[in-house]
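This is what each chain is made of:
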Amino acid sequence: MMADTSALYESVVCVKPEVHVYRIPPRSSNRGYRAADWKLDEPAWTGRMKITAKGTAVFIKLEDKNTGELFAQAPVDQYPGSAVEAVTDSSRYFVVRIEDGNGRHAFIGLGFADRGDSFDFNVALQDHFKWVKQESEFARQEATQDSVPKLDLGFKEGQTIKINIGNIKKKESSGPVKSRAVGGLLPPPPGVKASAPVPPLAVQQTIPVAPPSTATLLDIGDSAPAMAPPSQDMWGDFTAAGPGSV
């Protein structure tokens, strides 16, 4: 784990080239400070504001904008908190507690001419303490993990492990069954149920037809029966003569 070097170096979080400092009257009630009670057109000091961070500590520094000489400094240990407090009637003014390093402190009014500058001032402090909270949570989790005894899952000397592997059945193919050609015919197209096989076509033989008989046609055309010709009696002549005839 790498060492945290954020506590060794001072970083600049926010810089505003012009801010105003006001003398403020004592708080009259618990409702908070009001910027309308200050002499806003008569600031006590005007200069540059810088917010710096060193580790988890953050400081609001008021410096001369030409020479950089420090006018006042306000260490902030929590935001929102007693070190920096917003007024109740404006978003551009704050009450800041400054310290001289010898244990003395005082409350002054801090104002921004531009509303965007006051917004940046507010967000810079919020982001810093959000980061401080996350770092504190990470440190707490690491301390909790270190206090829990680690589980030793390694094999002891001479320890073995036995694994029983049962019969592994081959996975049957779950794809569609391919149809085979039946009787030399091609399989049906996909989505069409296969029907009963068609028997092969029989080969027909051509048998010649005999021409109709002419006699038969004549017999059919003549409906009357044919009369037989009179029979000739070859003995007639001998019978007609009889005995005694010449």
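Residues numbered from 1 in each chain as written. Predicted model: local features only at pLDDT ≥ 70, side-chain atom pairs only at ≥ 80, totals over all residues. Heavy atoms only, no water.

Novice: Any details on the overall build of the protein chain? Residues and values, ideally.
Specialist: Helix and strand counts for the protein chain stand at 3 helices and 7 strands. Traced from its N-terminal end to its C-terminal end, the protein chain shows the element sequence β-β-β-β-β-β-β-α-α-α. When the 246 residues of the protein chain are sorted by exposure, 20% land in the buried category. Across the protein chain, every contact between residues at least 6 apart in sequence was considered, and the portion connecting residues at least 24 apart equals 54%. Total accessible area on the protein chain stands at roughly 20,600 Å², and carbon and sulfur atoms take up 56% of it. (Helix = DSSP H or I, 4+ residues; strand = E, 2+ residues; numbered from the N terminus. Buried < 20%, exposed > 50% of the residue type's maximum accessible area, 1.4 Å probe, protein only. Contact = heavy atoms within 4.5 Å. Areas by Shrake-Rupley, 256 points an atom, 1.4 Å probe, with all protein chains shown as cover.)

Novice: Account for the packing of aromatic side chains, with residues named and values stated.
Specialist: According to the stated counting rule, one finds 7 aromatic pairs in the structure shown. On the numbers, 5.3 Å between centres and 45 degrees between planes, the contact of Phe112 with Phe121 is tilted. The two residues Phe112 and Phe121 agree in class, both being buried. Taken together, Tyr22, Trp38 and Tyr93 form an aromatic cluster joined through their ring pairs. (Phe/Tyr/Trp six-rings, centres within 6.5 Å; stacked < 30°, edge-to-face > 60°.)

Novice: An account of the pairing of strand β7 (residues 105-111) is needed here, citing residue identities and associated values.
Specialist: Across 3 bridges, the pairing between strand β1 (residues 11-22) and β7 is antiparallel. Bridging across to β7, Val21 finds its partner in Leu110. Two elements, strand β6 (residues 93-99) and β7, share 7 bridges in a ladder whose sense is antiparallel. Across the sheet, the residue bridging to Ile98 is Ala106, located in β7. Between β6 and the antiparallel strand that follows it, β7, lie 5 residues; Gly101 among them carries a positive phi value of about 90 degrees. (Pairing = 2+ DSSP bridges.)

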